[in-house]
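Spelled out, the chains give:
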Amino acid sequence: MTAPRPRPGWLTGSTPEAPGRASTDIPPMIREAVYIRAAGRCESCGHLVSVETGRHVHHRRPRGMGGSRDTATNRLSNLLCLCPSCHQLVERHRTDALNAGFLVRKAADPARVAVELWEGRRVLLADDGTYIDYEE
């Protein structure tokens, strides 16, 4: 049995909330660009991820109520590479995830909302697949 993963730094222990799941079709080229930007790591905890260990692409802005038809849904600025454990934490601890930029309010532009990476850096996610250092 493997040791439990440490909690990401952004998770302060808020009360879990029910996850809302919806299907989506992220084009393979976009999915691969997310993995390349993350350099093979979960962007929340920093653990290496692979097809074998599990790697998820997470939508920062909710897709419900027709959001999957929004052209911005599958932009790189709206997507994160997460390990399965961190993806569950984001969905269960939505308030903390929102504060850390792993979730974005529906009316917000994900390209303008900073996210706190596993290494403690706050960055904006650019649609060209790069990070932009964020200064408040």
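Predicted model only: the values in this text are computed from it and were never measured.

Focus on the overall build of the chain
If you tally the helices and strands in the chain, you get three helices and five strands. Per-residue burial over the chain gives 42% buried out of 136 residues. A separation threshold of at least 6 residues defines the contact pool for the chain, and within that pool the share at least 24 residues apart is 64%. As displayed, the chain offers around 7800 Å² of accessible surface, 52% of which is attributable to carbon and sulfur atoms.

Quick look at the confidence of the model for the chain
For residues with low pLDDT, the predicted coordinates do not support detailed interpretation. Per-residue pLDDT for the chain averages 84, and the proportion of residues at 70 or more is 79%. Here strand E1 (residues 56–59) stands out as the least confident element of the chain, with mean pLDDT 94; strand E4 (residues 122–125) is the most confident, with 98. Considering only residues more than four positions removed or in separate chains, one finds that residues 14–23, a stretch of pLDDT under 50, has 19 contacts.

Observations regarding the pairing of E4
Judged from the two bridges that link them, strand E3 (residues 115–116) and E4 form a sheet pairing that is antiparallel. Each bridged residue has a counterpart across the sheet, and for Glu 116 the counterpart in E4 is Arg 122. The sheet contact formed by E4 and strand E5 (residues 131–133) spans three bridges and is antiparallel. Opposite Leu 125, over in E5, you have Tyr 131 as the bridge partner. Hairpin geometry of E4 and E5 is characterised by an intervening segment of five residues between the two adjacent antiparallel strands and by a positive phi of about 90° at Gly 129.

Here we look at the nonpolar core
Ranked by internal contacts, the top residues of the largest apolar core, which has 24 residues, are Cys 42, Leu 82, Phe 102 and Val 115. Going through the elements one at a time, helix H1 (28–37), strand E2 (79–82), helix H2 (84–92), helix H3 (94–100) and E4 are the ones with two or more residues in this core. The element contributing the most residues to this core is E2, with four residues. If we ignore the near neighbours within four places in the chain, the residues touching Leu 82 are Cys 42, Glu 43, Ser 44, Arg 55, His 56, His 58, His 87, Val 90 and Phe 102.

Topic: H2
Taken as a whole, H2 has its buried residues at Cys 86, His 87, Leu 89, Val 90 and Glu 91. Packed against the buried residues of H2 are E1, E2 and H3.

Describing the pattern of salt bridges
One pass over the full model with this rule turns up eight salt bridges. Two residues, Glu 116 and Arg 122, come together in a salt bridge whose shortest N-O distance is 3.9 Å. Assessed through its relative accessible area of 24%, Glu 116 is described here as partly exposed. Of the residues examined, Arg 122 reaches a relative accessible area of 25% and is grouped as partly exposed. When the shortest N-O distance is used, the salt bridge between Asp 133 and Arg 121 registers 3.2 Å. Of this pair, Asp 133 sits in strand E5 while Arg 121 sits in the loop between E3 and E4, and the two are 12 residues apart along the sequence. Judged by its relative accessible area of 54%, Asp 133 falls in the exposed class. Given the relative accessible area of 32%, Arg 121 is considered partly exposed.

Quick word on the sheet that holds E3
Hydrogen bonds between backbone atoms are what pair the strands of a sheet, whose relative direction is either parallel or antiparallel. Taken together, three strands build an open sheet; the order of strands is E3-E4-E5 and the sheet is antiparallel. Taken across any chain shown, the strands that pair with only one partner, and hence form the sheet edges, are E3 and E5.

How each quantity is defined
Residues numbered from 1 in each chain as written. Predicted model: local features only at pLDDT ≥ 70, side-chain atom pairs only at ≥ 80, totals over all residues. Heavy atoms only, no water. Helix = DSSP H or I, 4+ residues; strand = E, 2+ residues; numbered from the N terminus. Buried < 20%, exposed > 50% of the residue type's maximum accessible area, 1.4 Å probe, protein only. Contact = heavy atoms within 4.5 Å. Areas by Shrake-Rupley, 256 points an atom, 1.4 Å probe, with all protein chains shown as cover. pLDDT = per-residue confidence, 0-100. Pairing = 2+ DSSP bridges. Core = buried A, V, L, I, M, F, W, Y, C linked by side-chain atoms within 4.5 Å. Salt bridge = Lys/Arg side-chain N within 4 Å of Asp/Glu carboxyl O.

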